[in-house]
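This is what each chain is made of:
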Amino acid sequence: MNHYFRYVTEVGPFFIVSRNERWHVVWCEEEIGDFTSPELAAKEVAGGHTLWPFWGNPGRLGIPAELERWERVILS
């Protein structure tokens, strides 16, 4: 089953997607982080420990560190 995670913020949605056995944090088609698990990806983007988009630190957006609070989107 293929799926990804999404969390919507005031600057647009963030996604955690799987590619090549890694989990990537994506904002506006820009990859800002690459991690070994989706849980770690959520924690790191929530803390601002990823690359920062042009507008600044994603850690200031209130993104939850708990993956359970992200929306899980299942692809059919």
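Scroll up to find the structure this text is about.
Structure report, in brief. No experiment lies behind these values; they were computed from the predicted model shown.

## So, the pairing of strand 3 (residues 22-27)
Phase 1: Most of strand 3 is tucked away: 5 of the 6 residues are buried.
Phase 2: With 6 bridges joining them, strand 2 (residues 12-19) and strand 3 adopt antiparallel strand pairing. Across the sheet, the residue bridging to Phe15 is Val26, located in strand 3.
Phase 3: Count of turn residues in the strand 2/strand 3 antiparallel hairpin: 2 residues, of which Asn20 carries a positive phi of about 55°.

## Regarding the sheet that holds strand 5 (residues 71-74)
Phase 1: Ordered by their spatial adjacency, 5 strands build an open sheet running 4-3-2-1-5, and the pairing between neighbours is antiparallel. This sheet does not close on itself; its edge strands, each paired only once, are strand 4 (30-35) and strand 5. On average, each strand axis in the sheet is tilted by 25° relative to the strand beside it, whichever way the strands run.
Phase 2: Looking at chain direction, strand 1 (residues 3-9) and strand 5 are connected through 4 bridges and run antiparallel. Looking across to strand 5, one finds that Tyr4 is bridged to Val73.

## Considering the pattern of salt bridges
One side chain can pair with another of opposite charge once the charged atoms of both are near each other.
Phase 1: Evaluated as defined, the whole model comprises 4 salt bridges.
Phase 2: Among the ionic pairs, Glu71 bridges to Arg6, the shortest N-O distance being 3.0 Å. Here Arg6 lies in strand 1 and Glu71 lies in strand 5, a separation of 65 residues in the sequence.
Phase 3: Of the residues examined, Arg6 reaches a relative accessible area of 24% and is grouped as partly exposed.
Phase 4: Where Arg22 meets Asp34, a salt bridge forms, and the shortest distance between an N and an O atom there is 2.8 Å. Of this pair, Arg22 sits in strand 3 while Asp34 sits in strand 4; the two residues are 12 residues apart in sequence, bridging distant segments of the chain.
Phase 5: Asp34 gets classed as partly exposed once you look at its relative accessible area, which sits at 35%.

## Focus: the side chain of Thr50
Phase 1: Structurally, Thr50 is set in the loop between helix 1 (38-46) and strand 5.
Phase 2: Since its relative accessible area comes to 12%, Thr50 is described here as buried.
Phase 3: Here Thr50 is in contact with Ile32, Phe35, Glu44, Val45 and Pro58, once residues within four sequence places are set aside.

## Details of the side chain of Asn57
Phase 1: The residue Asn57 is located in the loop between helix 1 and strand 5 in this model.
Phase 2: On the basis of relative accessible area, Asn57 is assigned to the buried category, the value being 17%.
Phase 3: A polar contact of 2.6 Å, which involves the side chain of Asn57, links it to the backbone nitrogen of Gly59.
Phase 4: The residues contacting Asn57, other than those within four sequence positions of it, are Gly48 and Trp52.

What counts as what
- Residues numbered from 1 in each chain as written.
- Predicted model: local features only at pLDDT ≥ 70, side-chain atom pairs only at ≥ 80, totals over all residues.
- Heavy atoms only, no water.
- Buried < 20%, exposed > 50% of the residue type's maximum accessible area, 1.4 Å probe, protein only.
- Helix = DSSP H or I, 4+ residues; strand = E, 2+ residues; numbered from the N terminus.
- Pairing = 2+ DSSP bridges.
- Axes fitted to C-alpha atoms, helices over the stretch in contact; angles between N-to-C directions.
- Salt bridge = Lys/Arg side-chain N within 4 Å of Asp/Glu carboxyl O.
- Contact = heavy atoms within 4.5 Å.
- Polar contact = N/O pair within 3.5 Å; in protein donor to acceptor, adjacent residues only side chain to side chain.

Just distances and angles here, no functional claims.
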